[in-house]
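# Remarks on the overall topology
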Amino acid sequence: MLVTLEGIDGSGKTTIISALQEAYPDAVYTLEPTDSWYGEAVRKSINTDDADPLSELFLYMADHAYHLQTTILPALSNKKLVISDRYIDSRYAYQSTSLDGIVEDPLSYIQKIHQPWTVLPELTLYFDLSPSLGAMRSGSTNKFEQLSFLERVHENYEKIISNDPGRFVRIDASLPPDKIAKIAIKTISNLL
Ligand code: TYD
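Now for a look at the structure at hand. (Residues numbered from 1 in each chain as written. Predicted model: local features only at pLDDT ≥ 70, side-chain atom pairs only at ≥ 80, totals over all residues. Heavy atoms only, no water.)

## Examining the site of the ligand
Residues in contact with the ligand, as listed here, are Asp9, Lys13, Glu32, Pro33, Ile46, Tyr60, Arg86, Ser90, Arg91, Tyr94, Gln95 and Phe144. At 2.7 Å from a nitrogen atom of the ligand is found a side-chain nitrogen or oxygen belonging to Gln95. Isolated, the ligand exposes 540 Å² of accessible area, and the fraction of that covered by the protein chains is 84%. Here the shell around the ligand takes four residues from helix H4 (residues 88–98), the largest share from any one element. Class assignment for the residues of the shell around the ligand results in five nonpolar, two polar and five charged. (Near = heavy atom within 4 Å. Polar contact = N/O pair within 3.5 Å; in protein donor to acceptor, adjacent residues only side chain to side chain. Areas by Shrake-Rupley, 256 points an atom, 1.4 Å probe, with all protein chains shown as cover. Helix = DSSP H or I, 4+ residues; strand = E, 2+ residues; numbered from the N terminus. Nonpolar A, V, L, I, M, F, W, Y, C, P; charged D, E, K, R; others polar.)

Rendered as structure tokens:
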């Protein structure tokens, strides 16, 4: 089963992973951008303020394709629980923000080009945080962590969730981390 964790920058997903690792030690924990050279290229692009947004989308997608082939699909075929810190919805939410005005209806465009080859998660935990808290917590150190950008990313996550409500469980990311972890663990165990 594939479970993904999503949210704007600063939503605290990474802190929750260590609690999940204790609760589900046999699960496969993974992330996007990956640690591969594809992921490195993506990180370079994140830290390049004037990176071309369309090129950036395809870098992220290359990393996703690599992630699927080398980690996600093999683990799923071994009947593992797979937990990914960010996955397709990050592209849907972030790149549809950066491609606004560059391609028509960026959200459906990005969804359309993933659809033939990606694998949808059974469950996505959405760590919901206000953009102002997200910008503050993340320190606004790169182009994605700016308040005005995160506001639009947050809106896009809402759109994605309302288009596919059955896949998402919303968790209030302003709660204390131990409470968030408990809710996340309970939500996953309900599904197993
Ligand atoms: P990440 O390493 O998860 O950052 P953090 O731990 O600060 O949340 O992700 C790096 C940044 O890349 C983050 O701002 C979200 C962005 N991102 C995209 O824009 N598109 C994507 O497809 C992914 C996976 C991440």
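## Remarks on the side chain of Thr118
The topology assignment puts Thr118 in the loop between helix H5 (106–114) and strand S4 (123–128). Side-chain polar atoms of Thr118 contact the side chain of His64, separated by 2.7 Å. Once residues lying within four places of it in the same chain are set aside, the contact partners of Thr118 are His64, Leu68, Tyr87 and Ile88. (Contact = heavy atoms within 4.5 Å.)

## So, the sheet that holds strand S5 (residues 168–172)
Sheet architecture is open: five strands sit in the order S2-S3-S1-S4-S5, paired in parallel fashion. The open sheet is flanked by strand S2 (28–31) and S5, the only strands paired with a single partner. Neighbouring strand axes in the sheet, compared pairwise and without regard to direction, differ in orientation by 20° on average. Inspection of the sheet shows strand S1 (residues 2–6) paired to S4 by four bridges, in the parallel sense. When the bridges of S4 are listed, Val3 appears paired with Leu123. Across the face of the sheet, H4 comes into contact with S1, S4 and S5 while running at roughly 30° to S1. (Pairing = 2+ DSSP bridges. Axes fitted to C-alpha atoms, helices over the stretch in contact; angles between N-to-C directions.)

## Re the packing of H4 against helix H7 (residues 147–163)
Contact geometry of H4 with H7 gives a least axis separation of 8 Å together with a crossing angle of 130°. Relative to H7, the element H4 is oriented oblique. Two packed elements cross with a definite hand, and for H4 against H7 that hand is right-handed. Here H4 contributes Asp89, Ser90, Tyr92, Ala93, Tyr94, Ser96, Thr97 and Ser98 to the contact with H7, which in turn contributes Phe149, Leu150, Arg152, Val153, Asn156, Tyr157 and Ile160. Along the lines of polarity and charge, the residues of the contact of H4 with H7 split into eight nonpolar, five polar and two charged. (Parallel < 35°, antiparallel > 145°, perpendicular 65-115°, else oblique. Left-handed = near helix turned anticlockwise from the far one by under 90°.)

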